[in-house]
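# Examining the three-dimensional arrangement
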Amino acid sequence: MSDLMYQSSKPVFIHNLKNLSSILKTAARDAKARGIDPAVMLNARLSPDMLPLTRQVQMVTDHAKGCCSRLASVEAPAFSDNETTFAELEARIQNTVRFLRALKASQFVGSESREIVMQLPIGTLSFSGIDFLNGWSLPNFYFHYSTVYNILRHNGVVIGKLDLLGVMPGMKAKGKIKKMMDAKPAAKAKKKR
């Protein structure tokens, strides 16, 4: 089970953070090409009561490093949450990936039953490691990650589902789907418009 905890967290987060990095680079190029002030996209929201894109990216990285640090019983790096540019968000993503890459599978041994306690301003949450991973961390990570994607799509950035998913590690494809997966996702999304 410990190997499954490791395989279901660190590599999953790294894969998706790399995709997020690529999506944000596409958004930065798109803003430049269309003459849009990058701050417009970085401060965009899906709804007035939702967090802006910049904060959504911060939350994605926070859930990745917070989950793995708790499962591995190590201190997560603290970030200032003061990013205001695509370049600063990229640096944050890369710092998160570096932290995750430094973690070893052996640090996750026994994490499925480890008690995870989270102190929040409004109370305390506690979980077993497996419930924390499956019921809290992964859903929150994917919520904020897909919200970044949706904000950018809503603002006209030409990205598609394959940009979000990327080529999944360990996946093998044959036939038409292989050709589709090997193509540039953003180029295919542009064709669909």
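The following paragraphs examine the structure supplied in this document. The shown structure was predicted, so the numbers you read here are calculated from the model rather than taken from an experiment.

What follows concerns helix 2 (residues 10-34). For helix 2, which comprises 25 residues, the first-to-last C-alpha distance of 36 Å matches the rise-based estimate of 36 Å (1.5 Å per residue) to within 8%. Phi turns positive, to about 70°, at Gly35, one or two residues after helix 2.

We now examine the nonpolar core. One finds Leu17, Leu20, Leu24, Leu53, Leu100 and Leu152 to be the most contacted residues of the largest nonpolar core, which totals 44 residues. Those elements that place two or more of their residues in this core are helix 1 (2-7), helix 2, helix 3 (38-42), helix 4 (53-72), helix 5 (86-102), strand 1 (115-120) and helix 6 (129-154). Counting residues per element, this core draws most heavily on helix 6, at 9 residues.

Our next topic: the packing of aromatic side chains. Tallying each qualifying case throughout the model produces 6 aromatic pairs. Centre to centre, the rings of Tyr6 and Phe108 are 5.2 Å apart; their planes meet at 75°, and the pair counts as edge-to-face. Separated by 102 residues along the polypeptide, Tyr6 in helix 1 and Phe108 in the loop between helix 5 and strand 1 bring together distant segments of the chain. For Tyr6, a relative accessible area of 13% translates into the label buried. Aromatic pair Phe141 and Tyr142: ring centres 5.4 Å apart, planes at 80°, arrangement edge-to-face. Overall, Phe141 belongs to the buried group, its relative accessible area being 0%.

Rules of the game
Residues numbered from 1 in each chain as written. Predicted model: local features only at pLDDT ≥ 70, side-chain atom pairs only at ≥ 80, totals over all residues. Heavy atoms only, no water. Helix = DSSP H or I, 4+ residues; strand = E, 2+ residues; numbered from the N terminus. Expected span 1.5 Å × (residues − 1). Core = buried A, V, L, I, M, F, W, Y, C linked by side-chain atoms within 4.5 Å. Buried < 20%, exposed > 50% of the residue type's maximum accessible area, 1.4 Å probe, protein only. Phe/Tyr/Trp six-rings, centres within 6.5 Å; stacked < 30°, edge-to-face > 60°.

Treat this as a map of the structure, not an account of what it does.
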